[in-house]
Structures are given as C-alpha cells and as structure tokens.
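Spelled out, the chains give:
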Amino acid sequence: MPLWAWAPLSNLAAMVAHPSAKRSTPFYPTFFLSMAISFFVAAIGYIFVRSRSDEQAKVSFEGLTVAFFGVSTIFLVLYGLELFQITMFSPENWKKGIWWTTSVLLTAVVVYSTVEVSLAYISMLGMLVYLIITVLLLVARPKLWIAKALGTATLFASLVAQITFNHNGLFHVLYLVGIVILFRAENCNPSVMCGDGVILPMVENKIPGLRQSAL
C-alpha cells in the first residue's frame, strides 16, 4: 500500500495507545485506509481476472471495491460533519438527528451499491460526497483549507472525468493528485482534533455556537 495508507494506520494505532492525547479523530485515518484498501482490491482483482477470465471472480472483486470505496465516503462525510461538531454524541438533538440521518442514508446507498455491484451508483455517491465536503471546507475554512478544498475538488473532478468520458487513465491521475493533496494537508494540520472526549474543529470562520480550538 502507498504511504498515504500506512500513515493513517499508524495514526490509528497511536490513538488506541494514547486515547487521551489530542489527535485527529478516527474518521480521518479510516477514510484514507478504506480508500487504500478499495484500490488495492481493485488492482489485485484486475490482475486476477486478466489471468483467469473468471466472471464470478470479477464480480466478487468489484463488489469488495465498491464496498470499501463506499465506506471511505461515509467516513469522509462524518469527518466533514465534525467541522461543525455534528456527531452521534452531540448534546443538541438536531445535530444527532443530522448525524444519524446522514449515516443511515449513506450506509443504505453503499449496501445497495455493493449488493448490485454497481460502480456507477458508488461513483455518483463519491461525486456528491466530494462536492459536499469541498463546500463544507470552504464554509468552515480549517487550517490549510485552500489545499484541502483543492484536494476534494480534484477528487470530484476525477469522478466527473470517469463518469462523463469513461477515461480510466485521467481518472486515476486526477484521483491520485487529489488524494495526495488532501492527505498532505490533513496530515500536516488535521481539520478536527479530539482529546478527552471533546471534538475541537480547527477552523478560521467563527461559527455561532461552535467550540473551536485556537489556530
């Protein structure tokens, strides 16, 4: 797996070892990790199917790719919601409602896409998620927000190229560029930090009712 997959894994291990330390929340590393797994499975499946021409194996690998890609989009959205302190443990009921509604709807789409083995459905979900996260980053403006928004916008553009032009080469190049930009920016300055059970968005905009950490 590439560097941007191993680094989040070490981040998760550190979170388990030192739960009270101030760190990025679990949704950041799990997004990159599940994304890396989806591309790893897709690559192995491509090699396996080319060598054996097994239609059932192709469906199985595509199903796993869809599942992990879909899970990564869920983690990214939940990470984006944390920019506004919207979590399953939020004291405000309306925030909890948004979190649970979003989680259930995204999970339903991912499960349906996995069962149907639909790359088209999961790609459209990815487009929507990357567009929404780009908007959330522009509104909240976390540290290095320009680079982060550029990263998610590039991810959005990669899926547009894939769906509109069916150009696998352009898709992979744009997606790699976007994921590297986003990883680099988030790894240097996470948008959301947590410690002792408290979520602290690292944002520049003064959002009413939002407890923020100093930049």
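Here is a short report on the structure shown in this document. Counting of residues starts from 1 at the beginning of each chain's written sequence and follows it residue by residue. Local features in a predicted model are, by the rule used here, given only for residues with pLDDT of at least 70; side-chain atom pairs are given and counted only at 80 or more, and totals for whole chains, interfaces and linings are based on all residues. Heavy atoms throughout the structure, all of them, feed into the side-chain values; hydrogens and water do not.

## Observations concerning unusual backbone geometry
We note that Gln 85 has phi near 55°; this positive angle belongs to a residue other than glycine. Mapped onto the secondary structure, Gln 85 falls in the loop between α3 (55–82) and α4 (93–116). With phi around 55°, Arg 141 is a residue other than glycine that occupies positive phi space. Strands are runs of DSSP state E lasting at least 2 residues, helices are runs of H or I lasting at least 4, and numbering of each runs from the N terminus. Take Arg 141: it is sitting in the loop between α5 (119–140) and α6 (145–165). Three exposure classes are used, based on accessible area relative to the maximum for each residue type with a 1.4 Å probe and protein chains only: buried under 20%, partly exposed in between, and exposed over 50%. A relative accessible area of 30% places Arg 141 in the partly exposed class.

## Regarding a nonpolar patch on the surface
Nonpolar side chains collect at one region of the surface, where Tyr 112, Tyr 121, Met 124 and Ile 163 lie side by side and expose about 400 Å² of accessible area between them. Examined against the element boundaries, Ile 163 turns out to sit in helix α6. Patch membership is restricted to residues that have no salt bridge and whose relative accessible area is over 30%. Joining uses 9 Å for like charges and 5 Å for the nonpolar side chains Val, Leu, Ile, Met, Phe, Trp and Tyr. Surface accessibility follows the Shrake-Rupley procedure with a 1.4 Å probe radius. Residue values consider only the protein chains on display as shielding. For this document, the term salt bridge refers to a Lys or Arg side-chain nitrogen within 4 Å of an Asp or Glu carboxyl oxygen.

## Concerning the layout of surface pockets
Its volume calculated, the largest pocket comes out at about 750 Å³. Forming the boundary of the largest pocket are 23 residues, of which Ala 42, Thr 65, Leu 119, Gln 162 and Asn 168 lie nearest the centre. Of all elements in the fold, only α2 (27–52), α3, α5, α6 and α7 (168–188) reach the threshold of two or more residues within the lining of the largest pocket. Here the lining of the largest pocket takes 7 residues from α2, the largest share from any one element. Class assignment of the residues belonging to the lining of the largest pocket gives a composition of 13 nonpolar, 8 polar and 2 charged. Think of a 1 Å grid over the protein atoms and nothing else: a 1.4 Å probe that fits but is trapped marks a cavity, an open set flanked by protein within 12 Å on at least five of seven lines marks a pocket, and residues with an atom within 4 Å of a point count as lining. Grid points are joined across faces, edges and corners, and a volume is the space filled by probe spheres set on the points. The residue classification treats Ala, Val, Leu, Ile, Met, Phe, Trp, Tyr, Cys and Pro as nonpolar and Asp, Glu, Lys and Arg as charged. All others, Gly included, are polar.

## Quick look at α6
Three or four residues apart is the spacing at which side chains of an α-helix point the same way, because the helix has 3.6 residues per turn. The first and last C-alpha atoms of α6 sit 29 Å apart over 21 residues, in line with the 30 Å expected at 1.5 Å per residue. Along α6, the positions that sit buried rather than exposed are Trp 145, Lys 148, Ala 149, Gly 151, Thr 152, Thr 154, Leu 155, Ser 158, Leu 159, Ala 161 and Gln 162. Asn 166, located one to two residues past α6, shows a positive phi value of around 50°. In this analysis, the expected span of each helix is defined as 1.5 Å times one less than the number of residues it contains.

## Section: the packing of α5 against α6
Orientation of α5 relative to α6, taken along the N-to-C sense of each, is 160°, at an axis distance of 9 Å. With respect to α6, the element α5 is oriented roughly antiparallel. Between α5 and α6 lies a crossing of left-handed hand. Across the interface between the two elements, Ser 123, Met 124, Gly 126, Met 127, Tyr 130, Leu 131, Ile 133, Thr 134, Leu 137 and Leu 138 from α5 touch Trp 145, Lys 148, Ala 149, Thr 152, Ala 153, Leu 155, Phe 156, Leu 159, Val 160 and Ile 163 from α6. Under this scheme, a helix contributes an axis fitted over its contacting stretch, all axes are lines through C-alpha atoms, and angles between N-to-C directions fall in the 0 to 180 degree range. An angle below 35 degrees is treated as roughly parallel, one above 145 as roughly antiparallel, one from 65 to 115 as roughly perpendicular, and anything else as oblique. Crossing handedness is read from the near helix: turned anticlockwise from the far helix by less than a right angle, it gives a left-handed crossing, and turned clockwise, a right-handed one. Should any heavy atoms of two residues lie within 4.5 Å, those residues are considered in contact.

## Overview of the environment of Val 117
Counting through the fold element by element, Val 117 comes out in the loop between α4 and α5. Using a relative accessible area of 22% as the deciding quantity, one classes Val 117 as partly exposed. Separated by 56 residues in the primary sequence, Val 117 and Phe 61 have C-alpha atoms spaced 9.4 Å apart. Setting aside anything within four residues of it in sequence, one finds Val 117 in contact with Val 59, Glu 62 and Gly 63.

## A closer look at empty space enclosed by the protein
Under the defined criterion, the tally for this structure stands at 1 cavity of 30 Å³ or more. Here the largest cavity defines a volume of roughly 110 Å³. Here the lining of the largest cavity takes 4 residues from α2, the largest share from any one element. Partitioned by chemical class, the residues of the lining of the largest cavity number 11 nonpolar, 2 polar and 1 charged.

## Topic: the pattern of salt bridges
Across all of its chains, the model carries 2 salt bridges by this definition. Two residues, Lys 95 and Glu 92, come together in a salt bridge whose shortest N-O distance is 3.9 Å. A salt bridge links Glu 186 to Lys 148, with the shortest nitrogen-to-oxygen separation between them at 3.7 Å. With Glu 186 in helix α7 and Lys 148 in helix α6, this pair connects stretches of sequence that are 38 residues apart. The exposure class of Lys 148 is buried, given its relative accessible area of 0%.

## Here's the deal with the packing of α6 against α7
A pair of packed helices can be characterised by two numbers: the angle between their axes and the separation between those axes. Contact geometry of α6 with α7 gives a least axis separation of 8 Å together with a crossing angle of 165°. By the angle class used here, α6 and α7 are roughly antiparallel. Crossing hand, α6 versus α7: left-handed. Only Asn 168, Leu 170, Phe 171, Leu 174, Tyr 175, Val 177, Gly 178, Ile 179, Ile 181, Leu 182, Ala 185 and Glu 186 of α7 make contact with α6, whose side of the interface consists of Ala 147, Lys 148, Leu 150, Gly 151, Thr 152, Thr 154, Leu 155, Ala 157, Ser 158, Leu 159, Ala 161 and Gln 162. Counted by class, the contact of α6 with α7 contains 15 nonpolar, 7 polar and 2 charged residues.

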